There are 2 protein chains.
Amino acid sequence: MTEKPAKLLPPNPTIGVFDSGFGGLTVLRDLLPLIPGARYIYLGDTARLPYGSKSRETIARYAVSSAKFLEEQGADLLCIACNTASALALEDIKQAMPIPVVGVIQPGAEAALATSEASPSTPKSVLVLATTATTQSHAYAQSLNALGLAATEKACPLLVPLVEEGWIDHHVTAEVLRIYLNEAFAEAPNAQTLLLGCTHYPLLQPLIERTLAELNHPMTIIDSAAATAADVAAYFPPNPNGAPATSRFYATDSIEKFQRLGSAFLNQPVSEVHLLDLGG
Amino acid sequence: MTEKPAKLLPPNPTIGVFDSGFGGLTVLRDLLPLIPGARYIYLGDTARLPYGSKSRETIARYAVSSAKFLEEQGADLLCIACNTASALALEDIKQAMPIPVVGVIQPGAEAALATSEASPSTPKSVLVLATTATTQSHAYAQSLNALGLAATEKACPLLVPLVEEGWIDHHVTAEVLRIYLNEAFAEAPNAQTLLLGCTHYPLLQPLIERTLAELNHPMTIIDSAAATAADVAAYFPPNPNGAPATSRFYATDSIEKFQRLGSAFLNQPVSEVHLLDLGG
C-alpha cells in the first residue's frame, strides 16, 4: 500500500464495509479471517443500486450518506468495497469522515503491479473490466499509470445484471464476455493482466478463464478483494488470540433478497439483516 | 376504461407523467397528439432506477415522492407511465394524491381483451412479459382474470439492461428472448396474446416478432402505451383548436444521459431537461 496508516488502530475494532449491493461481501469474505476480534458492520445500499450507471454527483451523495451511517454506528475504519463508489467518490467520503477510509482501486492497481515482470522498455498492459461509471472516471487508468502500467478500461454494463440473474455459468454470459473481451483486445492486443474492477465479477472468474482459453489469450486475473482486505488489516495490530469476528448486515431494500443473493458472495449464510431507511 | 372520469377536467390541462426512467416516454409519445393545448411535465426518477428489482415498500416510497412533486408543479392529472409503479404502488399514489391518477395495468389488460375472440368455453390466454417486481405483484394476472382472460406472467430481468446497452437488434438479445419465451411457452403453450408489461419492451417489438416467427408461435402483441394514452385523454373535453402540446422534463440523475436515451423512446429530440433532487 502507498499510504501507511498514521497510527495503528485498537484491536477488536469496529470496521464498516460499504457497497451499493452484494458485491462488497467478497471483500468482507476476505477480511473475516484476517482481523480476529473485529466487529463488522456491512451496509448494502440496495434500494439505490446500481451505482454503475449513474452520475458522479448522485454516486457521491449516496455513498457519503451511507458512510455517515456506518461512522455513526461506531466504525473505527471504513472500507469502500465498491469499485464505482471508490472510483468516483473516495475523496468526497474521506473529506466527510473523521476516520480512515480504504477504497478498492489503489489496492487493485498495486496487485496488478505485483504480477508485473520488470521490463522498463515495455510497460505491462492491464485490461480493466468495470461498470460504465467506473470506466468513465478513469480512476483505474490513473492509478495504474502512476505505477508505470499501461491501462485499457472496458465498460461491461451487462455483467452485473447477468450475475444477478444467476447466469454465472451460462452460454449467454459466455457470449457477452466474448463480445466485451474481443472489443477490448482490438484496443489492447497485448494486455497480459485482467483486473476485475467490479465486486460482482469474481463470481464469473471460472467462466472468464474458460472464455480466455477459447480466445487463445491467456491472462493473469486479479481481483482487488484480497488486496483491499490486506490493506485494511495493516491498520490493526496483530491479535492472534482475538475472538472470531462478528458481522451485522444492513440493507436499504428487501432483506429476503439480501439474504438469498448475499450468501453466494460471502460464501456462507447471511443472517440477521436489518432494513435501513437512508431517506432516499 | 372501466372507471369513467367523475367530471371532465379543464381544457389546456397540465398532465404529469411519471416513470422510474425513460420508458414512460413511449406513453408521452402517444399522449402528445391526443390532447392539444396540454402542458406535460415528465419526471424520470433516474437516480433511483430500476424499480423492477426492488421491494414493494421501496417502490411505493419512491413513486409517492415523485407523484407529489408533479402535483406540486400544478398537474391536473397524473399518469403513472411505469408498469412496476402501477403494479405495486397505484393505490398508495391514489391515496396520497387529490387529483386523478391513471396507471398502465388496467388499460393494458383491456387492450388485451379487445383483441380477444368471443369464446366462452376457452378463455383467451395472455402471456405478460414484465420486470420481476411486476410479475411478483400479480397485478396483471388479477386485472386479466377479472376480465375473463387467462394470464401467465414471465419475469424478464435482462431485457431492460439489454435495451439500455442499445442491443435492441442483437443476437444476444434474440437468444435471451428465445430462452424467456420458451420457458413461458412451457407453462402457457396456448397463449395467443403477448402483453409487453414494461415500457422498455416496445423498443424490442421488431425483434420479438422475428423471434416468435422463428419459434413458429404467432401472437398478437399489445403494448399498453396507446391504451393508457386513450384513457388519459377521456378525462379532457375535445379541444381541436388547442395550441400544440408543450413538454418539460425532469430527471433525478444525469441530464445528458436522459437527453441521449430519452429521444429513442420519445421518437423525437428531448430538450430542456431539468435536474431534480428528491432527497434520495
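These numbers were taken from a predicted model, which means no experiment stands behind them.

### Quick word on the overall build of chain A
- On a plain count of helices and strands, chain A comes out with 11 helices and 10 strands.
- Against the globule reference of 19 Å for 280 residues, chain A gives a C-alpha radius of gyration of 18 Å, in line with a compact fold.
- The principal-axis extent of the C-alpha atoms belonging to chain A is close to 50 × 40 × 40 Å.
- Counting every position in chain A, which comprises 280 residues, the buried fraction comes to 58%.

### Some details on the UniProt feature "active site" (unreviewed entry) in chain A
All names here are of chain A.
- The positions UniProt marks with the feature "active site" (unreviewed entry) are Cys82 and Cys198. A maximum C-alpha distance of 7.1 Å places the annotated residues, which cover 117 residues in sequence, within one compact spot.
- When its relative accessible area of 3% is taken as the criterion, Cys82 is described as buried.
- Leave out the neighbours within four places in its chain, and Cys82 touches Phe18, Asp19, Ser20 and Val104.
- For Cys198, the position within the fold is in the loop between β7 (193–196) and α9 (205–214).
- Assessed through its relative accessible area of 8%, Cys198 is described here as buried.
- Excluding residues within four positions of it along the chain, Cys198 makes contact with Asn83, Leu129, Thr131 and Val160.

### Considerations on the relation of the copies chain A and chain B
- With an RMSD of 0.0 Å, chain A superimposes on chain B once it is rotated by 180 degrees and translated 0.0 Å along the axis. Given the turn and translation reported, the copies of this chain are related as if by a two-fold rotation axis.
- Most of the interface of chain A is mirrored in chain B, where 100% of its interface residues are also at the interface.

### Considering the domain arrangement of chain A
All names here are of chain A.
- Taken as a whole, chain A is organised into domain 1 (14–103 + 227–275) and domain 2 (106–224).
- Look at where the C-alpha atoms of domain 1 and domain 2 centre, and you get two points 23 Å apart.
- With 23 residues of domain 1 in contact, the opposing surface of domain 2 contributes 17 residues.
- Buried area between domain 1 and domain 2, summed over both chains or domains, comes out near 1,500 Å², and the portion from carbon and sulfur atoms is 57%.
- Contact with domain 2 buries area across many residues of domain 1, yet Asn83, Ala227 and Phe265 alone supply 32% of it, more than any other trio.
- Inspection of the region where domain 1 meets domain 2 yields 0 salt bridges.
- Applying the counting rule to domain 1 against domain 2 returns 7 residue pairs in polar contact (both at pLDDT 80 or more).
- Breaking the side of domain 1 that touches domain 2 down by element, the ones donating at least two residues are α1 (25–31), α3 (83–96), α10 (224–233) and α11 (255–266).
- Each residue belonging to the side of domain 1 that touches domain 2 can be placed in one class, and the counts come to 11 nonpolar, 8 polar and 4 charged.

### Let's talk about the packing of aromatic side chains
- Evaluation of the coordinates by the stated rule reveals 18 aromatic pairs over all chains.
- When the centroid spacing of 5.9 Å and the interplanar angle of 50 degrees are considered together, the rings of Tyr51 of chain A and Tyr62 of chain A count as tilted. Taken together, the positions of Tyr51 of chain A in the loop between β2 (39–44) and α2 (56–72) and Tyr62 of chain A in helix α2 put the pair 11 residues apart, joining distant regions of the chain.
- Here Tyr62 of chain A falls in the buried class, since its relative accessible area comes to 1%.
- Seen from their ring centres, Tyr42 of chain B and Phe249 of chain B are 6.2 Å apart, and the 55 degrees between their planes marks the pair as tilted. On the criterion of sequence distance, the pair formed by Tyr42 of chain B in strand β2 (residues 39–44) and Phe249 of chain B in strand β9 (residues 246–251) is long-range, its members being 207 residues apart.
- Among the residues examined, Tyr42 of chain B registers a relative accessible area of 1% and is labelled buried.
- For Arg48 of chain A, the ring lying beneath its charged end belongs to Tyr62 of chain A, and the centroid distance is 4.1 Å.

Quick notes on the rules
Residues numbered from 1 in each chain as written. Chains lettered and ligands numbered in written order. Predicted model: local features only at pLDDT ≥ 70, side-chain atom pairs only at ≥ 80, totals over all residues. Heavy atoms only, no water. Helix = DSSP H or I, 4+ residues; strand = E, 2+ residues; numbered from the N terminus. Rg over C-alpha atoms; globule rule 2.2 N^0.38 Å. Buried < 20%, exposed > 50% of the residue type's maximum accessible area, 1.4 Å probe, protein only. UniProt positions renumbered as here; feature names shortened; annotations may be inferred. Contact = heavy atoms within 4.5 Å. Least-squares fit on C-alpha atoms with pLDDT ≥ 70 in both. Domains from an automatic or database assignment. Buried area = accessible area lost by both parts, 1.4 Å probe. Salt bridge = Lys/Arg side-chain N within 4 Å of Asp/Glu carboxyl O. Polar contact = N/O pair within 3.5 Å; in protein donor to acceptor, adjacent residues only side chain to side chain. Nonpolar A, V, L, I, M, F, W, Y, C, P; charged D, E, K, R; others polar. Phe/Tyr/Trp six-rings, centres within 6.5 Å; stacked < 30°, edge-to-face > 60°. Lys NZ or Arg CZ within 6 Å of the ring centre and 35° of its normal.

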